[in-house]
Amino acid sequence: GNSVTQMEGPVTLSEEAFLTINCTYTATGYPSLFWYVQYPGEGLQLLLKATKADDKGSNKGFEATYRKETTSFHLEKGSVQVSDSAVYFCALSPQGGKLIFGQGTELSVKP
Amino acid sequence: EAGVTQFPSHSVIEKGQTVTLRCDPISGHDNLYWYRRVMGKEIKFLLHFVKESKQDESGMPNNRFLAERTGGTYSTLKVQPAELEDSGVYFCASSRGQGPSNYGYTFGSGTRLTVV
């Protein structure tokens, strides 16, 4: 079946630190991969996506590369800001419309 | 354009009571999805409407949950009777077409349901 596993939080970093949130997946076929973010009091927002192997998604300084050989889609940012504090969800989409999410990783960035 | 609106934002009910959640999608979005996040775990798919028809309801946990989308506009999700394990955050999302790769999904802010 299809599933997503991401590192447990909470993750606490100081401003300007390097961020990695690990995400691995199990899927049949060739799913698209996503990172969604939920800022406090808001809905889920698409952060970035990749639709095929070796694609790199990027947005707002965040990056993730679709690695088929390691079934991974790790999220990285070189220098986090306090405003990046949020819950991050890795997700995949097999054929069809629905998304399959990981359990979410809460990130807290301290000044 | 207005976003996806969900209400109430919070609901606290007693076990055995009935609660109805509502989702207003973006106008013109035929696809509407319900998801749920329980106890800080993963967000799980509940069901998918295309207009007023249920395209996929494989994620509905049991027959205490009833979803409707009359007229293909807003949708309601009724839980009757509510149990403690139904507590969580219920998200709604809408899109113009199917497939999040090709069509942006817009999520609402969610309804936090607490059953006591």
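Described in the following lines is the structure provided in the data block. Treat the numbers as computed from the prediction; the structure is a model and nothing was measured.

### A closer look at the sheet that holds strand S8 (residues 75–79) of chain B
Two strands in a sheet stick together by hydrogen bonds in their backbones, pointing the same way (parallel) or opposite ways (antiparallel).
Residue and element names in this part refer to chain B.
Part 1 of the argument: Taken in spatial order, the four strands line up as S1-S3-S8-S7 in an open sheet, and their pairing is antiparallel. Of all the strands in the sheet, just strand S1 (5–7) and strand S7 (65–68) have a single pairing partner and so form its edges. Neighbour to neighbour, the strand axes of the sheet diverge by 15° on average, direction disregarded.
Part 2 of the argument: Where strand S3 (residues 19–24) lies against S8, five bridges are found, and the strand directions are antiparallel. For Leu-21, the partnering residue across the bridge sits in S8 and is Leu-77.

### Quick notes on the state of the cysteines
All names here are of chain A.
Part 1 of the argument: Scanning the entire structure with this criterion turns up two disulfides over all chains.
Part 2 of the argument: In this model Cys-23 forms its disulfide with Cys-90; the gap between the sulfur atoms is 1.9 Å. Looking along the S-S bond of the Cys-23-Cys-90 disulfide, the torsion reads about -70°, which is the left-handed sense. A residue pair is termed long-range when its members are at least 10 positions apart, and Cys-23 in strand S4 (residues 23–26) and Cys-90 in strand S10 (residues 86–93) qualify at 67 residues. This pair shows no difference in class: Cys-23 is buried, exactly as Cys-90 is.

### With respect to the packing of aromatic side chains
Residues and elements named next belong to chain A.
Part 1 of the argument: According to the stated counting rule, one finds 12 aromatic pairs over all chains in the structure shown.
Part 2 of the argument: Ring plane angle 85° and centroid distance 6.2 Å describe the contact between Phe-89 and Phe-101, whose orientation is recorded as edge-to-face. With Phe-89 in strand S10 and Phe-101 in strand S11 (residues 100–101), this residue pair connects regions lying 12 residues apart in the sequence. Of the two residues, Phe-89 and Phe-101, neither departs from the other in class, the shared state being buried.

### Points about the interface of chain A and chain B
Part 1 of the argument: Opposite the 21 residues of chain A that make contact, chain B presents 20 residues.
Part 2 of the argument: Buried area between chain A and chain B, summed over both chains or domains, comes out near 1,500 Å², and the portion from carbon and sulfur atoms is 57%.
Part 3 of the argument: Taken together, the links from chain A to chain B amount to one salt bridge.
Part 4 of the argument: It is strand S5 (residues 32–38) of chain A that contributes the most residues to the side of chain A that touches chain B, four residues altogether.
Part 5 of the argument: Class assignment for the residues of the side of chain A that touches chain B results in seven nonpolar, 11 polar and three charged.

Calculation rules
- Residues numbered from 1 in each chain as written.
- Chains lettered and ligands numbered in written order.
- Predicted model: local features only at pLDDT ≥ 70, side-chain atom pairs only at ≥ 80, totals over all residues.
- Heavy atoms only, no water.
- Pairing = 2+ DSSP bridges.
- Helix = DSSP H or I, 4+ residues; strand = E, 2+ residues; numbered from the N terminus.
- Axes fitted to C-alpha atoms, helices over the stretch in contact; angles between N-to-C directions.
- Disulfide = S-S within 2.5 Å.
- Buried < 20%, exposed > 50% of the residue type's maximum accessible area, 1.4 Å probe, protein only.
- Phe/Tyr/Trp six-rings, centres within 6.5 Å; stacked < 30°, edge-to-face > 60°.
- Contact = heavy atoms within 4.5 Å.
- Buried area = accessible area lost by both parts, 1.4 Å probe.
- Salt bridge = Lys/Arg side-chain N within 4 Å of Asp/Glu carboxyl O.
- Nonpolar A, V, L, I, M, F, W, Y, C, P; charged D, E, K, R; others polar.

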